[in-house]
Amino acid sequence: MSGGPVLAVIGAGPRGTGLIERIAANAPALYGNRPLDIHLVDPYPPGGGRIWRHGQSPLLWMNSMAEDVTMFTDDTVRQEGPVRPGPALDTWAADVREGRTETAGEAAAEPALRSEIEALGGQDFPSRRLQGAYLRWVYEQSVSALPPAVTVHEHRDRALRVTGRRDGRQLVHLESGGEPLAADLVVLTIGHLDAEPDDEQQRLSRFADRHGLIHLPPDFTADSDLSALPAGEPVIVRGFGLAFIDLMVLLTEGRGGRYENGVYVPSGREPVLYVGSRRGVPYRSKIGYGWQGERPPLPRFLGPDLTAELLKRPQPLDFRRDIWPHVDKELGHAHYHRLFTAHPERTATEWPAFEEKYAAAGPGSAELSALIAAAVPDPADRLDLEALDHPLDKVRHTSSEAFQAATRDYIAADLERRHDPGHSEDLAVFLALLSAYGQLIRLGDIGDRWHGFFSYLASGPPGPRLRQLLALSRAGVVRFLGAGTAVEADERSGLFRASSATVPGERIEARALVEARLPDPSPGRTRSALLRALYEDGAAATVTGLLAVDPDDGRILDRDGVPHPRRFALGPHTAARTSGAFTRPRTGGPAFGQNDATARAALTLLRGLPFLRGLPGGDG
């Protein structure tokens, strides 16, 4: 121990790693050469943590290209601390290949990972294990960059509770027992969390138990035991996002199937997946080309001034009424800026004249709609977020086979468009989504509608995964159910039954049901003993169960909205959750700005402590 103050960081995944990186960047100016002990608590290895750990299937990919993943800040990040540049994932892999740096952790001795590094290109989608190796390297580099008087202590353990008075030492109680860790300040970076099933899931599990069926409630697919799902039998899957993509991979390639020239060759061990969801279609494909030319001016209509105005409103914000119109106008501006400047042949007027009228028109107004209709002749070139979000509304098919073919056509068209630079207005909308996300985190927890829309449009699967989905559909291994998929537990037949209004009259019965989505984070259901204890002790939970924090520096808020002076939280378990702990270079990286603000607040508080432990006046 250094004899200086103590910082406890609970969670050693990418968010904890990003915090360490920002502490290293800010410490020279804010903390000097003072001693500091950092205790890092996580049952999984530092860097990748649970989600990006080495011990998972190598078949599971990231849903981002290697060139679009960085853990380092640049001058586009809104932060007070210094920029410490570093390589994106693809550049790091090139540095490893060419001997300029070394791999870290388990990657150093893993031939399969080394082979992946040797072959990795900027537009490849790396495995999650490779991302974990990159995160481990970032972690080790960040620890090495800390001032000499700062010491990091790793605890392969789980934190169960934090106690201590508001103005004094905090005690971190560990699962392994023994004396709790005493810290002057605690930061929770615990990432995604498990949860107990809700009432519906419990009811479905009891039904499955009574009838000898299989029910897999919401979970992280990489952690699910899929061995009980029988080969050749129908499995109803509710959820069509990234959790489904993982499920699809593990139950096909993971069971010995393979692809040959775009055709799926089954192993005979696959179940038949009947997949449906609220939208009834998969998330939109990742865009498969880079940016060229002038970028849209962001933020334009959804910036700091607007969020500050919204925060001043006395009544609770309603997303649909108070926020969505501004999101629509911001994304529309980016879309039309790109259309007019890069594809002017598809417009009927000049950009300056259009932009002036666009800026003057109210969000969602008839005036705005008329302006767009006059200036953009082809309706297919107009941005319609409602149509994008609900592609199967009022769509009906007379047979399941007709719907299968129509859905394959839909996915193929999405793939073609998202890989065609001739529709680069889609990439402009993606950039606007990132900008909007960075602004909306200041509003706290605005519900799941926004996050679901963002994920659907901006955080979909790699194009190759959707091509695999098409092959699986043609092979009959995956079948599409439709929008608004409903699941019943039929006591008479003793089976699960799924239906959708998209194909009226179609009913699918199965002995297995998989909920392909993440668990509900609500306070009453979280399996995190640490969060449950915080809620019981008076920390605030939002309407969707996320931990309430100060959006400026991440301090945990109590039920009266008062920030705790010595407890902070960052990540998806908080109301200030961002779109990811890492991001593509030069897109602002809201999580990086949050990490920087929390690191600076922590260092400032620790620097101002009037004592060193063990010296007169200390309480340690």
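The following paragraphs examine the structure supplied in this document.

**Observations concerning the overall build of the protein**
The helix and strand inventory of the protein stands at 17 helices and 19 strands. Rg of the C-alpha trace for the protein: 25 Å, near the compact-globule value of 25 Å for 620 residues, within the 12% margin. Once local pairs closer than 6 in sequence are excluded, the contacts in the protein between residues at least 24 apart make up 75%. Approximately 25,200 Å² of the protein is accessible, and the part contributed by carbon and sulfur atoms is 50%. On the protein, the mean spot of the 70 positive side-chain charges and the mean spot of the 81 negative ones are 2 Å from each other.

**Quick word on the sheet that holds strand E4 (residues 159-163)**
The three strands are arranged E4-E5-E6 in an open sheet whose pairing can be described as antiparallel. Either end of the sheet is taken by a strand with one partner, and the two such strands are E4 and strand E6 (181-183). On average, adjacent strands in this sheet sit at an angle of 25 degrees to one another, irrespective of strand direction. Here four bridges tie E4 to strand E5 (residues 170-174), and the two strands are oriented antiparallel to one another. Looking across to E5, one finds that alanine 159 is bridged to leucine 174.

**Quick word on unusual backbone geometry**
The bulk of non-glycine residues show a negative phi, and the bulk of peptide bonds are trans. Here leucine 298 and proline 299 are connected by a cis peptide whose omega angle stands at -10 degrees. When you line up the elements, proline 299 lands in the loop between strand E12 (272-277) and helix H7 (304-311). Of note in the backbone geometry, lysine 394 takes a positive phi value of approximately 65 degrees without being a glycine. When you line up the elements, lysine 394 lands in the loop between helix H11 (385-389) and helix H12 (400-418).

**Observations regarding the environment of arginine 114**
Relative to the helices and strands, arginine 114 is located in helix H3 (residues 111-119). Along the backbone, arginine 114 and arginine 158 are 44 residues apart, and their C-alpha atoms lie at a distance of 31 Å. For arginine 114, the residues in contact, after removing those within four places along its chain, are Val96 and Arg97.

**Describing the sheet that holds strand E14 (residues 486-490)**
The three strands lie next to each other as E14-E15-E16, forming an open sheet whose pairing is antiparallel. Since the sheet does not close on itself, it has two edges, and those belong to E14 and strand E16 (508-510), each with one partner. Going from strand to strand, the sheet's axes swing by 25 degrees on average, the running direction of each strand aside. Here E14 runs beside strand E15 (residues 495-499); their pairing, made up of five bridges, is antiparallel. Note that in E15 the partner of valine 487 across the bridge is alanine 498.

**Re the nonpolar core**
If you look at the biggest cluster of nonpolar residues, it comprises 46 residues, and the most contacted ones within it are Leu331, Tyr336, Phe354, Leu433 and Trp450. When residues of this core are traced back to their parent elements, those giving at least two are H7, helix H8 (319-342), helix H9 (351-360), helix H10 (366-375), helix H13 (425-440) and helix H14 (448-458). Setting aside anything within four residues of it in sequence, one finds tryptophan 450 in contact with Phe319, Val327, Leu433, Ala436, Tyr437 and Leu440.

**Regarding the packing of aromatic side chains**
The final tally for this structure, using the stated rule, is 22 aromatic pairs. With centroids separated by 5.3 Å and ring planes inclined at 65 degrees, the aromatic side chains of tryptophan 52 and phenylalanine 582 adopt a geometry described as edge-to-face. Remark: phenylalanine 582 occurs in the loop between strand E19 (563-569) and helix H17 (590-607) and tryptophan 52 occurs in the loop between strand E2 (36-41) and helix H2 (89-97); sequence separation between them is 530 residues. Grouping residues by exposure puts tryptophan 52 and phenylalanine 582 together as buried. Just above the ring of tyrosine 31 sits the side chain of arginine 34; from NZ or CZ to the centre is 5.9 Å.

**Notes on the environment of alanine 145**
Considering the arrangement of structural elements, one finds alanine 145 in helix H4 (residues 128-145). The exposure class of alanine 145 is partly exposed, given its relative accessible area of 36%. Between the C-alpha atom of alanine 145 and that of aspartate 322, which follows or precedes it by 177 residues, the distance is 44 Å. If sequence neighbours within four positions are ignored, alanine 145 has contacts with Ala24 and Arg84.

**Notes on empty space enclosed by the protein**
With the rule as written, the count across this model stands at five cavities of 30 Å³ or more. In this model, the largest cavity occupies a volume close to 70 Å³. Taken together, Leu216, Pro217, Asp219, Thr221, Ser224, Leu226, Leu247, Val514, Glu515, Ala516 and Arg517 form the lining of the largest cavity. Lining the second largest cavity are Tyr437, Leu440, Ile441, Gly444, Ile446, Trp450, His451, Ala575 and Arg577.

**Quick notes on the packing of helix H1 (residues 14-30) against H4**
For the pair H1 and H4, the least separation of the axes is 8 Å and the interaxial angle reads 30 degrees. When the axes of H1 and H4 are compared, the pair comes out roughly parallel. Seen from above, H1 lies across H4 with left-handed handedness. Across from Pro14, Thr17, Ile20, Glu21 and Ala24 in H1, the residues of H4 making contact are Leu135, Val138, Tyr139, Ser142, Val143 and Ala145. A class-by-class count of the residues in the contact of H1 with H4 yields eight nonpolar, two polar and one charged.

**Side note on the side chain of threonine 70**
Structurally, the position occupied by threonine 70 is in the loop between E2 and H2. Looking at threonine 70, its side chain comes within polar contact range of the main-chain nitrogen of phenylalanine 72, at 3.2 Å. Excluding anything up to four places from it in sequence, threonine 70 contacts Gly86, Pro87, Ala88, Tyr134, Phe582, Thr583, Arg584, Pro585 and Phe592.

**Observations concerning the pairing of strand E9 (residues 234-238)**
Among the five residues that make up E9, four are buried, leaving the element largely enclosed by the rest of the structure. As paired strands, E9 and strand E17 (residues 512-515) are joined by four bridges and run parallel to one another. Bridged to valine 237 within E17 is valine 514.

**Quick word on the pattern of salt bridges**
For the coordinates displayed, the defined rule picks out 44 salt bridges. Between aspartate 490 and arginine 497 there is a salt bridge, and its shortest N-O distance comes to 2.6 Å. Classification of aspartate 490 by relative accessible area gives buried; the value is 16%. A salt bridge links glutamate 515 to arginine 517; the nearest nitrogen and oxygen atoms lie 2.7 Å apart.

Each value, and the rule that gives it
Residues numbered from 1 in each chain as written. Predicted model: local features only at pLDDT ≥ 70, side-chain atom pairs only at ≥ 80, totals over all residues. Heavy atoms only, no water. Helix = DSSP H or I, 4+ residues; strand = E, 2+ residues; numbered from the N terminus. Rg over C-alpha atoms; globule rule 2.2 N^0.38 Å. Contact = heavy atoms within 4.5 Å. Areas by Shrake-Rupley, 256 points an atom, 1.4 Å probe, with all protein chains shown as cover. Lys, Arg positive; Asp, Glu negative; His and termini not counted. Charge placed at Lys NZ, Arg CZ, Asp CG, Glu CD. Pairing = 2+ DSSP bridges. Axes fitted to C-alpha atoms, helices over the stretch in contact; angles between N-to-C directions. Core = buried A, V, L, I, M, F, W, Y, C linked by side-chain atoms within 4.5 Å. Buried < 20%, exposed > 50% of the residue type's maximum accessible area, 1.4 Å probe, protein only. Phe/Tyr/Trp six-rings, centres within 6.5 Å; stacked < 30°, edge-to-face > 60°. Lys NZ or Arg CZ within 6 Å of the ring centre and 35° of its normal. 1 Å grid on protein atoms, 1.4 Å probe; cavity = no way out; pocket = protein on both sides within 12 Å on 5 of 7 lines; lining within 4 Å. Points joined across faces, edges and corners; volume = space filled by probe spheres on them. Parallel < 35°, antiparallel > 145°, perpendicular 65-115°, else oblique. Left-handed = near helix turned anticlockwise from the far one by under 90°. Nonpolar A, V, L, I, M, F, W, Y, C, P; charged D, E, K, R; others polar. Polar contact = N/O pair within 3.5 Å; in protein donor to acceptor, adjacent residues only side chain to side chain. Salt bridge = Lys/Arg side-chain N within 4 Å of Asp/Glu carboxyl O.

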